[in-house]
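Inside the fold
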Amino acid sequence: MNRSDQSRDSFAHYERLSQIGSGGMGDVFIADDTKLGRKVAIKFLNEKFSKDSALLGRFKQEAKAASALNHPNILTVYEIGEHDGSHYISTEYIEGKTLRERMKERLTFDEILSIVVQTAEALSAAHQAGIVHRDIKPENIMVRPDGYVKVLDFGLAKLTESTGADAEGETKTLVNTNPGVVMGTMAYMSPEQARGKNIDARSDIFSFGIVLYEMLTGSVPFTGESMADVISAILNSEPQPLAYSAPHLPKELQRIVNKTLKKKRDQRYQTTRDLLTDLKDLRDEMLLEAKLEQTAVPTRLEGSKTGAPLSTSSGGGLKDSLLLTDFENTTGEAIFDHTLKTALAFSLGQSPFLDIAPEAKIANALRQMKRSTGERVTRELAEELCLRLNLKAYLAGSISNLGSIYFLTLEAVNARTGESLGREYEQANNKEEILAALSRAATGIREKLGESLSSIQKFDLPLDLTTSSFEALKFFTLGQEQSLSGKYLEAIPFHQKALEFDSEFAAAYTSLAVIYGNTNQWKLAKDNATRAFELKDSVGEHEKLRISFFYYRLVTGEMDKGISTLDLWRRTYTSSVAPFAALSDSYMRLGQFERAVAVCRDALSSANVSTAVLYANLAESLLPLGRFDEARETFREAFGRNLDGFIFHTSLFHIGFVEQDAALMAEHLKWFSGRTEEYLALDLQGGTAAFTGKWRAAQDSSRRAIDLANLNGAKEVAARFAAEQALRIVFWSNGTGLPKGDESQLKTVLKTQTNKALNLERGKDVMTRAALALAVAGQTAETNSLVDELQAEYPKATLLNQLWLPMIRSALYLQQGKAKEAIEELEITERYEKAAEFYPQYIRGLAYLELNKKKQAIREFDKILNNRGEAPLSPIYPLAQLGKARATKNIAEYEKFLEMWKDADPDMPALAAAKAEYEALG
């Protein structure tokens, strides 16, 4: 049977309808699957494939592997079959256009980003399953009318053969069977494909880069008049920079494209997952910038004696903030003074429609008015605050009683006219029913303010499910007041007391998790975030998003999921400041300091909100960027708003140390005197001594800091201090690792120190630093034991798996004399290494020194030396100067190191080695 002559026939359980394409492998038809009642695409292989048993075997093997891929962006393979001696493959039928066809139309930048992210998703899934596509090109990418992407023909490129004679057209394909034989579509081949070498996932990344380049510029990066010219360009020519033809593109996107098109495989992205992460981060950053640049739709607040609702934008979100007053309490029961306002904030906070003015904003206004931040907000004061803050309305509440019966009133008031916008009355027959009554009143007032019933039904959980205990609410409120002003350690006992009264108070667990995280007690943070996550179904949507974010951030370590949750949080609750604080912290943890600064500044300026966390995050992000003057100004502004916290003083001490301002250092050390956090001052002193090579002073300060932190119940902080001292010990030995002489003595000291850390607390930060110290010392068995434990407990943690574990493995390779492998292991860390306190740059520099690649070694050491603010007290910094001196063999570079360590203990091994090398040069 001649298939090309058939427009419609039946075979097996298919009814062939019409031919929709043809190519080097054969013809493609659309057909009905009569068994399952669906349309399918059927590709019949040319006879030459059917007759060649080797080719046919490979086809079946590849098709079976491709059929196992189960991903929404990958074409689904249904069946491999045979009909009239011809073999075919049945797949899902995609209604849409190929990317080649779509590129002939005008693609917006958003559409391009969407297509490439989805394509990278497909490639990442296939590569993780061990399948390489081998023929990524616009013809193999389908785009549905709804923008959904499907990647076609996974694994089938192995069968494509060159026709030999006809070399015209950029989509001609070349042979692919064994190493040494060229395969793939010419204009989209990688250099290794063009040479006929073995290929892997990185070849797909190169082809993907060509497609991305073409989408952005309108032409492929490697061209020529013949096949030979194109191959020559792929092997030898660099593409024209994107900035020439598309100067408007973000620099980050230009970097991504450049990295995909590196000639050498080891310089490209090593996994599609890393490429996908960069693309998603770029997309998310641009979405954030776009949202922050959008001007809110103006709305009006209108009121009448009949209670006209608050007007909203088309998105259903109120643009005018609502201020909550303190409840007027005539019951004589003081417990209602703060708790009812807190409970009401919980209830109304569930609504994405209402914008409740945050307490921090109110406190800032009271300070500007020269009034106490703890002053009760009455109706009269609310009117003044609304005028100052340009708020259109306030919500007043009252509680009274008659015996055991309680009466609640809520009233929304137009602050400009004094007219009521709506009023709700509720009665509680006893104290235990008050929260339920308040919840009903809050729901009623939301409806009167114009929120739709569907929104209320979706975002309305009864208050008594948040907590049924007034005592718990009271202590929670007191804890929040301490935390808001930056007094994290002082806030802990209040939250713990709240949990004594209500052990299922999810918000209290989350707040404790945040506080423990802010004070570097990560295991306790993890425990509390886990408990909150277990209770997330008992809270409203706003708190559920908050709980989910901190679960990903503190428990699983999945930073991508955490940031995605923040994005949903911000989109659902557009006026909430909390996700901005969390987002800036996330960017800081990832070493993306510019992004953190932008988020903090936007939150502080656009919302006119002053919180200690936002100021601390802003200043902490400015330091690594070397913007010390801006950091100082940030702290001055915070202090002017009566905000404070230990992070402010540690950061100012760091600035003083970098700038050699002894008075500034002394001033901020003094702040810690007599405080709970005094152990941090001892750690600062230990870090200062360590930086200058004063081993004994550093050891003494470290020991005292560990003891005091442990005494104050901060066990994980104490354990981290001990682990960091272990790192100093091993790197100090001679500036590279263990000295060649007294290994056994040093190993004994190191083992004692790491055991001390791990016996105090086995938190993630403690274990990673202990493992790194052991790896640098070449203690393979002990290192691998910790690595196994970390992987088992945190299998999905972003920074652990993409930064710390590769760094630890790299250090092991280096000690085993495998410098090349050490460098390769560190390739994955480049994206996040600014968050790693100089360790990956330093280890990479040492590895390059081992390979006598001095230029590359100097580049790595300069990454440290040129970024003074990233880790101001890191002992790695002076050792990087020593590393640079060893790479350059330059007397002046040695003198810089010796100046840094001029007051070092004279018997320091690294100092003795440096002096000997210096004298030899002289």
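Residues numbered from 1 in each chain as written. Predicted model: local features only at pLDDT ≥ 70, side-chain atom pairs only at ≥ 80, totals over all residues. Heavy atoms only, no water.

Take the sheet that holds strand β7 (residues 97-98) next. An order of β7-β8-β9 is seen for the three strands of this open sheet, with the pairing classed as antiparallel. Only two strands of the sheet have a single neighbouring strand rather than two, namely β7 and β9 (149-151). Where β7 meets strand β8 (residues 141-143), two bridges bridge the pair, whose relative direction is antiparallel. Note that in β8 the partner of threonine 98 across the bridge is methionine 142. This element, helix α4 (residues 109-128), spans β8 and β9 of the sheet and lies at about 40° to β9. (Pairing = 2+ DSSP bridges. Helix = DSSP H or I, 4+ residues; strand = E, 2+ residues; numbered from the N terminus. Contact = heavy atoms within 4.5 Å. Axes fitted to C-alpha atoms, helices over the stretch in contact; angles between N-to-C directions.)

Of all hydrophobic cores here, the largest spans 201 residues; its most connected members are Phe505 and Leu772. Of the residues forming this core, the biggest block, eleven residues, is contributed by helix α31 (residues 715-732). In contact with leucine 772, other than residues within four places in its own chain, are Leu727, Trp804, Met807, Ile808, Ala811, Tyr839 and Ile843. Grouped together as the second largest cluster of nonpolar side chains are 51 residues, Val117, Ala122, Ile131 and Ile141 included. (Core = buried A, V, L, I, M, F, W, Y, C linked by side-chain atoms within 4.5 Å. Buried < 20%, exposed > 50% of the residue type's maximum accessible area, 1.4 Å probe, protein only.)

Here we take up the sheet that holds strand β6 (residues 86-92). Strands belonging to one sheet form pairs held by backbone hydrogen bonds; the direction of such a pair is parallel or antiparallel. Pairing within the open sheet is antiparallel, and its six strands lie in the order β1-β2-β3-β4-β6-β5. Two strands in the sheet have a free side with no partner beyond their single neighbour: β1 (9-11) and β5 (77-83). The average angle at which neighbouring strand axes cross in this sheet is 35°, direction not considered. Direction of pairing for strand β2 (residues 14-22) relative to strand β3 (residues 26-33): antiparallel, over a ladder of seven bridges. Residue serine 22 lies in a different strand from β3, and its bridge partner there is aspartate 27.

So, about the environment of leucine 484. Note that leucine 484 resides in helix α17 (residues 470-484). Overall, the relative accessible area of 36% leaves leucine 484 in the partly exposed class. Taking the C-alpha atoms as reference points, leucine 484 and valine 613, separated by 129 residues in sequence, lie 7.9 Å from one another. Beyond its immediate chain neighbours, meaning those up to four positions away, leucine 484 contacts Glu359, Ala360, Thr611, Ala612 and Leu643.

Further remarks concern the pattern of salt bridges. According to the stated counting rule, one finds 63 salt bridges in the structure shown. One salt bridge in this structure joins aspartate 700 and arginine 704, with 3.8 Å as the shortest N-O distance. With aspartate 700 and arginine 704 both in helix α30 (residues 695-711), this residue pair falls four residues apart, about one helical turn. With relative accessibility at 35%, the residue aspartate 700 sits in the partly exposed group. (Salt bridge = Lys/Arg side-chain N within 4 Å of Asp/Glu carboxyl O.)

Take α31 next. Think of an α-helix as turning once every 3.6 residues; residues three or four places apart then point the same way. When the terminal C-alpha atoms of α31 are compared, their 26 Å separation across 18 residues agrees well with the 26 Å that a helix rising 1.5 Å per residue should span. Burial analysis of α31 places 17 of its 18 residues in the buried class, which makes it a mostly covered element. (Expected span 1.5 Å × (residues − 1).)

Looking now at the environment of leucine 566. The residue leucine 566 is located in helix α22 (residues 559-572) in this model. A relative accessible area of 0% places leucine 566 in the buried class. Put simply, leucine 566 and phenylalanine 580 are 14 residues apart on the chain and 8.1 Å apart in space, counted from C-alpha to C-alpha. Beyond its immediate sequence surroundings of up to four residues, leucine 566 is in contact with Phe549, Pro579, Ala582, Leu583 and Ser586.

A separate point is the confidence of the model for the protein. On average, residues of the protein carry a pLDDT of 84, and 88% of them reach 70 or more. In the model, residues 157-184 has pLDDT below 50 throughout and makes 79 contacts with residues more than four positions away in sequence or in other chains. A low-confidence stretch, residues 291-318 stays under pLDDT 50, and its non-local contacts, those more than four residues away or across chains, total 56 contacts. (pLDDT = per-residue confidence, 0-100.)

To continue, consider the packing of helix α11 (residues 336-348) against α17. For the pair α11 and α17, the least separation of the axes is 9 Å and the interaxial angle reads 85°. The angle between α11 and α17 falls in the class roughly perpendicular. Every residue of α17 that contacts α11 at Phe336, His338, Thr339, Leu340, Thr342, Ala343 and Phe346 is listed here: Phe470, Leu473, Lys474, Phe476, Thr477 and Glu481. A breakdown of the residues in the contact of α11 with α17 according to their chemical character gives seven nonpolar, four polar and two charged. (Parallel < 35°, antiparallel > 145°, perpendicular 65-115°, else oblique. Nonpolar A, V, L, I, M, F, W, Y, C, P; charged D, E, K, R; others polar.)

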